[in-house]
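Geometric and topological summary
Take a look at the letters that make up each chain.
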Amino acid sequence: MSKRYTITAALPYTNGPIHIGHLAGVYVPADIYARYLRMRGKEVLFICGSDEHGVAISMKAKKEGITPKEVIDKYHNIIKKSFDDFGISFNYYGRTSSDVHRETAQEFFKTMHANDCFETQTTEQLYDAKENQFLADRYVVGTCPKCGHPEAYGDQCENCGSSLNATDLIDPKSALSGETPSLKTTTHWYLPLDRYEDFLRSWILESHKSDWKTNVLGQVKSWIEDGLKPRAVTRDLSWGIPVPVAGGENKVLYVWFDAPIGYISATKEWATQEGADWKPYWQDKNTELVHFIGKDNIVFHCIIFPSVLKAMGNYILPENVPANEFLNLEGQKLSTSKNWAVWLHEYLEDFPEKQDVLRYVLTANAPETKDNDFTWNDFQTRNNSELVAIFGNFINRVMVLMKKHYEGVVPPPNSLTKTDEATQKKLAAAPTEIAQLIEQYKFRAASQEMMQLARLGNKYLADEEPWKLIKTDPDRVATIMHTALQVAAGLAIVSEPFLPHTAQKLRKMLKLNEALGWDNVSALHLIESGHQLGEAGLLFEKIEDDAIAVQLEKLSS
Ligand SMILES: [Zn+2]
């Protein structure tokens with residue numbers, strides 16, 4: 001493993017709040033990974049920020065009769081607060097409307113321009129004569145030439161995931177006026193992706209053929225085999241970062257050119273704040289760069305941005321891009337525009353203090369290898385029959401028995417039975433098993449391995465029945481409780497990446513030595529005899545049918 005990690009999570013687009021699909025696909029897995037690496041003593045920089053340019057912002061502003069700045073300020077604040085309240089452990093959350101970002105993105109463009117990394121092309125583009133506006137990206141809607149979806153956008157078809165040029169659309173219509181656009185000549189800068197084909201083939205399809213996820217490799221392969229074409233990196237728009245070279249008047253950088261550079265500008269802002277140097281996080285070969293994204297961003301993070309980094313020359317490339325598939329909601333595709341979503345800021349209002357429940361459900365059912373479905377019934381079941389009935393029940397039994405029979409002072413163990421030894425052996429193996437899964441980006445399986453440890457503790461107590469033995473064999477009960485407490489302490493440590501709020505509460509209840517971490521669990525002696533436990537508290541609460549009915553009602557209204 002490397003010493004230093006730069007972890008990025010896809011920049012949320014500021015035309016709406018965060019929903020569970022974003023969380024399951026990107027932010028929860030990225031946060032598990034970042035928290036885990038920090039626990040292993042790695043130097044981690046976990047970066048994100050708001051993506052604030054692009055046509056969808058100007059369109060939203062136009063629709064709501066406000067300025068683009070008002071749109072981005074509104075959603076940036078909602079998004080940032082919901083991430084804070086939810087407990088995503090970014091080291092820095094920036095925004096692409098910042099001065100540092102504008103300067104950084106312009107510097108990238110100027111450097112690449114000076115090094116002849118672009119081509120210019122004068123072409124006929126779709127133009128809305130009524131609105132006096134060139135139409136690109138989301139300003140134009142039409143039929144996808146690849147799959148026939150009738151509502152494809154000028155930059156991408158959300159049905160088949162194909163990346164498109166506006167002029168590829170069949171029967172295009174202006175999203176501004178609804179008119180059929182005309183063609184008008186304009187000149188733009190293009191990134192000739194065809195020049196990077198050999199590099200991309202050998203870097204991804206050969207060097208990473210066995211460590212990248214198959215869904216990611218599949219998309220990259222199909223892109224390359226379709227033939228990489230020059231891609232415009234500028235637009236005829238007013239909202240965005242001005243093109244900083246001669247001839248760039250009234251043009252801005254394409255949002256997908258500037259957005260990933262946002263990871264770098266956010267790093268610079270973080271470094272200034274911390275008095276650190278930003279360069280090692282992006283230019284030192286001993287840094288591992290990992291991009292967490294959803295499958296709709298694969299082309300930008302595996303083809304376009306790496307080509308930009310390669311062109312710049314002195315940047316590292318991502319070590320992995322563990323993109324997830326999509327999460328559906330109650331069997332239907334999540335949609336911001338159709339308001340078919342569970343919004344994070346609303347969830348936090350309805351279920352305050354239940355951040356970990358949502359984290360757990362989204363991880364246990366993560367869309368890692370295929371699209372998955374979130375249902376409120378599953379949410380309730382995972383909470384009631386796993387978090388409450390297994391994890392919570394185990395800890396509760398330990399705390400209650402310890403209080404009742406030992407006033408919370410850990411008793412010394414007596415001779416161990418085969419069951420005790422087997423339990424200890426499983427506890428000792430757990431951190432390595434969980435670690436291996438996390439390091440392979442298998443967060444879903446890792447979370448189940450963590451729950452398996454809680455199940456082990458719960459079953460151990462149920463089988464050994466210390467509450468019955470206390471009258472006849474108190475020596476045996478001392479051994480059982482001593483052993484169960486080691487499992488509880490191990491759980492307080494290995495659950496932290498998945499359930500950070502719970503882990504913290506549990507550590508406090510056990511008064512666990514703060515110096516104890518991941519690498520101490522296997523040694524087994526996490527809690528010594530004579531140690532005084534803290535006050536018991538409830539880790540999880542049952543979620544009743546009424547609360548679920550309210551959520552289902554909310555969706556159908
Ligand atoms: Zn399509």
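Residue numbering note: each chain is counted from 1, following its sequence as written. In keeping with the model being predicted, local features are shown solely for residues with a pLDDT of at least 70 and side-chain atom pairs are shown and tallied solely at 80 or more, while totals for entire chains, interfaces and linings include all residues.

Take the sheet that holds strand E4 (residues 119-128) next. Strand pairing is assigned whenever DSSP identifies at least 2 bridges connecting the two strands. Segments assigned H or I by DSSP are reported as helices when at least four residues long, segments assigned E as strands when at least two residues long, and all are numbered from the N terminus. Strand order across the open sheet formed by four strands is E5-E4-E9-E10, with antiparallel pairing between neighbours. Looking along the sheet, the strands with just one partner apiece sit at the ends: strand E5 (133-134) and strand E10 (230-232). Where E4 meets E5, two bridges bridge the pair, whose relative direction is antiparallel. Its bridge partner lying in E5, Asp-128 is registered against Gln-133.

Here we come to the sheet that holds strand E2 (residues 43-50). Taking strand neighbours across the sheet as the criterion, the five strands line up as E3-E2-E1-E13-E14 in an open arrangement whose pairing is parallel. Of all the strands in the sheet, the pair left with one neighbour each is strand E3 (92-95) and strand E14 (318-320). Ignoring strand direction, the axes of neighbouring strands in this sheet form an average angle of 35°. Relative to E14, strand E13 (residues 287-292) runs parallel, the two sharing two bridges. Comment: axis = line fitted to C-alpha atoms, over the contacting stretch for helices; angle = value between 0 and 180 degrees taken between N-to-C directions.

This part takes up helix H12 (residues 376-406). Fitting axes to the seven residues that end at a residue and to the seven that start at it, the angle between those axes gives the bend at that residue. At Asn-393, H12 is bent by approximately 40°, the largest bend along its length. Backbone geometry just downstream of H12 places Glu-407 in the positive-phi region, at approximately 50°.

Throughout the structure description, domain borders are defined by an automatic or database domain assignment. Domain annotation for the protein chain reports domain 1 (4-108 + 258-345), domain 2 (114-235) and domain 3 (376-523). Computed over C-alpha atoms, the centres of domain 1 and domain 3 are 35 Å apart. Once C-beta atoms are placed from the backbone, any two residues with those atoms within 7 Å are in contact. Counting from both sides, the interface comprises nine residues of domain 1 and, opposite them, ten residues of domain 3. Counted by class, the side of domain 1 that touches domain 3 contains six nonpolar, one polar and two charged residues. Each residue is assigned to one class: nonpolar for Ala, Val, Leu, Ile, Met, Phe, Trp, Tyr, Cys and Pro, charged for Asp, Glu, Lys and Arg, and polar for all the others, Gly among them.

Exposure criterion: with C-beta atoms placed from backbone coordinates, a residue whose C-beta has 20 or more other C-beta atoms within 10 Å is buried, one with 12 or fewer is exposed, and one in between is partly exposed. Counting buried positions along strand E1 (residues 4-9) yields five of six residues, so the element is predominantly enclosed. Direction of pairing for E1 relative to E13: parallel, over a ladder of six bridges. Each residue of the ladder has a partner; that of Thr-6, found in E13, is Leu-289. Relative to E2, E1 runs parallel, the two sharing five bridges. Looking across to E2, one finds that Arg-4 is bridged to Glu-43. When the strands point away from the viewer and the connection leading from the first strand across the helix to the second strand turns clockwise, the crossover is called right-handed. You can see the chain leave E1, run along helix H1 (residues 20-39) and come back into E2, and the turn it takes is right-handed.

Another aspect to go through is the packing of helix H4 (residues 99-114) against helix H9 (residues 298-312). Closest axis-to-axis distance for the H4/H9 pair is 10 Å, and the angle between their directions is 65°. Here the hand of the crossing between H4 and H9 comes out left-handed. Contacts from Phe-108, Thr-111 and Met-112 in H4 reach Val-308, Ala-311 and Met-312 in H9. When grouped by side-chain class, the residues that make up the contact of H4 with H9 number five nonpolar, one polar and no charged. The handedness criterion is simple: a crossing whose near helix is rotated anticlockwise from the far helix by less than a right angle is left-handed, and one whose near helix is rotated clockwise is right-handed.

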